[in-house]
Amino acid sequence: MESLPEAVLIRILASIPAVDLVLACRLVCCQWKNLVDGAALWILKCQQEGLTGTESEENAENWQNFYFLSKKRRNLIKNPCGEEDLQHWGDVHNGGDGWKIEELPGDFGKEFPSEGVHKYFVTSYEWCRKSQVIDLRAEGYWEELMDTTQMPQKARRSDAGCLYELYVKLLSENEDVLAEYKTETIAIPQDNDANWTEISHTFSNYGPGVRFICFEHGGQDTLFWKGWYGVRVTNSSVTVEPYKSSFLSPEHGNQSCAACSYFLCISSPQCTTAISGADHHYA
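Residues numbered from 1 in each chain as written. Predicted model: local features only at pLDDT ≥ 70, side-chain atom pairs only at ≥ 80, totals over all residues. Heavy atoms only, no water.

**Here we look at the overall build of the chain**
Turning to step 1, where the next piece is worked out: Within the chain, the regular secondary structure consists of 6 helices and 15 strands.
Turning to step 2, where the next piece is worked out: A total of 283 residues make up the chain; the buried ones form 51% of that total.
Turning to step 3, where the next piece is worked out: Approximately 12,700 Å² of the chain is accessible, and the part contributed by carbon and sulfur atoms is 49%. (Helix = DSSP H or I, 4+ residues; strand = E, 2+ residues; numbered from the N terminus. Buried < 20%, exposed > 50% of the residue type's maximum accessible area, 1.4 Å probe, protein only. Areas by Shrake-Rupley, 256 points an atom, 1.4 Å probe, with all protein chains shown as cover.)

Structure below.
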């Protein structure tokens, strides 16, 4: 092995599973450690697995972290569309007649713009809230990765008006708030077009120590009608992605919502949490 050209050795190592590279191959000798810690091996693995190809990835500062974050990229919100009733949602506050899960499009509603979303949560005539706390270590993000890589984290009816609020916090080991994002109370007027509206936010440059993400949202109707005429929300999402300069461009910021249904994504510009017009919108 010592006689192999480095380029050949990199190609051999690139065929080994990434976890084995870090936990086993890196410990073999100084040469292998340097190769596993270097960029060339991880750039090759990213190319082999289709994880490169856009100009934003050219600015990835640490290709090993970029590889692992790209492989782990997924929605960390469980039960985002109500397919499991209120399972996985905590601190549920059922104002009025409480939360209800309905089938799309619902009364006076519209189909969701993305395939695979068939249900939504709807609020009542008093404030309804629900939240999830995401344990990043339990989701496979180890401490060194979280602390050395500033991963962008984003946090996405026409017969009655409604109100909506979204609150996302990045928490430390002791659940101290390291960064937070909260919308103002968003008012969707009566007789709106019931289109789904997207809300998104990206956290960046928030420093080390993040271990949990708390996602909370809720709303109510504005006419205090008995039943479920408040904001409709579905397809909420929280994602953690590798650093990309495009996430920090001046054009990218808080997306305003229009109508009353939302989906939130803590991580990619195409985030999704929806709330709409008398009941939902998509963000």
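**Concerning the environment of histidine 217**
Turning to step 1, where the next piece is worked out: Locating histidine 217 in the fold gives a position in strand 11 (residues 212-221).
Turning to step 2, where the next piece is worked out: We classify histidine 217 as buried; its relative accessible area is 1%.
Turning to step 3, where the next piece is worked out: A sequence separation of 52 residues divides histidine 217 from glutamate 165, and the C-alpha atoms of the two residues are 5.6 Å apart.
Turning to step 4, where the next piece is worked out: Of the polar contacts made by the side chain of histidine 217, one reaches the side chain of lysine 130; its length is 2.9 Å.
Turning to step 5, where the next piece is worked out: A distance of 3.3 Å separates the side chain of histidine 217 from the side chain of tyrosine 164, its partner in a polar contact. (Polar contact = N/O pair within 3.5 Å; in protein donor to acceptor, adjacent residues only side chain to side chain.)

**Looking at the packing of helix 4 (residues 39-48) against helix 5 (residues 63-72)**
Turning to step 1, where the next piece is worked out: Two elements in contact, helix 4 and helix 5, have axes separated by 8 Å at closest approach and are oriented at 30 degrees. The angle between helix 4 and helix 5 falls in the class roughly parallel. Between helix 4 and helix 5 lies a crossing whose hand is left-handed. Contacts from Ala39, Trp42, Ile43, Lys45 and Cys46 of helix 4 reach helix 5 at Trp63, Gln64, Phe66, Tyr67 and Phe68. (Axes fitted to C-alpha atoms, helices over the stretch in contact; angles between N-to-C directions. Parallel < 35°, antiparallel > 145°, perpendicular 65-115°, else oblique. Left-handed = near helix turned anticlockwise from the far one by under 90°. Contact = heavy atoms within 4.5 Å.)

**Thoughts on unusual backbone geometry**
Turning to step 1, where the next piece is worked out: Along the chain, leucine 104 connects to proline 105 via a cis peptide bond; the corresponding omega equals 5 degrees.
Turning to step 2, where the next piece is worked out: You can see proline 105 is positioned in the loop between strand 2 (100-103) and strand 3 (119-122).

**Things to note about the pattern of salt bridges**
Turning to step 1, where the next piece is worked out: Here the structure, examined in full by the defined rule, presents 13 salt bridges.
Turning to step 2, where the next piece is worked out: Among the ionic pairs, glutamate 139 bridges to lysine 78, the shortest N-O distance being 2.8 Å. Taken as a pair, glutamate 139 in the loop between strand 4 (128-135) and helix 6 (143-148) and lysine 78 in the loop between helix 5 and strand 1 (90-94) lie far apart in primary sequence, 61 residues in all.
Turning to step 3, where the next piece is worked out: On the accessibility criterion, glutamate 139 (18% relative accessible area) is buried.
Turning to step 4, where the next piece is worked out: For glutamate 173, the salt bridge is made with arginine 137, and the minimal N-O distance between the two is 2.5 Å.
Turning to step 5, where the next piece is worked out: The network of salt bridges with shared partners includes Arg26, Lys33 and Asp37. (Salt bridge = Lys/Arg side-chain N within 4 Å of Asp/Glu carboxyl O.)

**Digging into the packing of aromatic side chains**
In this description, a pair of aromatic rings is defined by centroid distance and the angle of the planes.
Turning to step 1, where the next piece is worked out: In the structure shown here, the tally under the stated rule is 10 aromatic pairs.
Turning to step 2, where the next piece is worked out: Between tryptophan 99 and phenylalanine 121, the aromatic rings sit 6.1 Å apart at their centres with planes inclined by 85 degrees, giving edge-to-face as the arrangement. Placement of tryptophan 99 in the loop between strand 1 and strand 2 and of phenylalanine 121 in strand 3 is noted, with a sequence separation of 22 residues between them. Like tryptophan 99, the residue phenylalanine 121 is buried in the burial classification.
Turning to step 3, where the next piece is worked out: Summarising the aromatic geometry, the rings of tryptophan 225 and tyrosine 229 are spaced 5.4 Å apart at their centres and angled 85 degrees between planes, so their arrangement reads as edge-to-face.
Turning to step 4, where the next piece is worked out: The exposure class assigned to tryptophan 225 is partly exposed, which follows from its relative accessible area of 35%. (Phe/Tyr/Trp six-rings, centres within 6.5 Å; stacked < 30°, edge-to-face > 60°.)

**Some points on the nonpolar core**
Across soluble globular proteins, nonpolar side chains show a tendency to be buried alongside one another.
Turning to step 1, where the next piece is worked out: In this structure, Leu136 and Ile213 are the most contacted members of the largest nonpolar core, which totals 29 residues.
Turning to step 2, where the next piece is worked out: If you tally residues by element for this core, the top one is strand 6 (residues 162-171), at 5 residues.
Turning to step 3, where the next piece is worked out: Counting 19 residues, the second-largest nonpolar core is a separate cluster that includes Ala18, Cys25, Leu41 and Leu44. (Core = buried A, V, L, I, M, F, W, Y, C linked by side-chain atoms within 4.5 Å.)

**Comments concerning the packing of helix 1 (residues 6-14) against helix 3 (residues 30-37)**
Turning to step 1, where the next piece is worked out: In contact at an axis separation of 11 Å, helix 1 and helix 3 are set at 70 degrees when each is read in the N-to-C sense. Taken together, helix 1 and helix 3 sit at an angle that is classed as roughly perpendicular. Along this stretch, helix 1 crosses helix 3, giving a crossing that reads as right-handed. For the pair helix 1 and helix 3, contact is made by Glu6, Leu9, Ile10 and Leu13 and by Gln31, Trp32 and Leu35, respectively.
Turning to step 2, where the next piece is worked out: In terms of residue class, the contact of helix 1 with helix 3 is made up of 5 nonpolar, 1 polar and 1 charged. (Nonpolar A, V, L, I, M, F, W, Y, C, P; charged D, E, K, R; others polar.)

**Examining the UniProt feature "signal peptide" (unreviewed entry) in the chain**
Turning to step 1, where the next piece is worked out: The sites that carry the UniProt feature "signal peptide" (unreviewed entry) are, in the present numbering, residues 1-24.
Turning to step 2, where the next piece is worked out: Annotated as 62% helix and 0% strand, the span residues 1-24 places its first and last C-alpha atoms 16 Å apart. (UniProt positions renumbered as here; feature names shortened; annotations may be inferred.)

**As for the sheet that holds strand 3**
Backbone hydrogen bonds hold the strands of a sheet together, and the pairing may be parallel or antiparallel.
Turning to step 1, where the next piece is worked out: Strand order in the open sheet made by the 3 strands is 2-3-12, with antiparallel pairing throughout. The open sheet has two edge strands with one neighbour each: strand 2 and strand 12 (232-233).
Turning to step 2, where the next piece is worked out: Direction of pairing for strand 2 relative to strand 3: antiparallel, over a ladder of 4 bridges. When the bridges of strand 3 are listed, glutamate 103 appears paired with lysine 119. (Pairing = 2+ DSSP bridges.)

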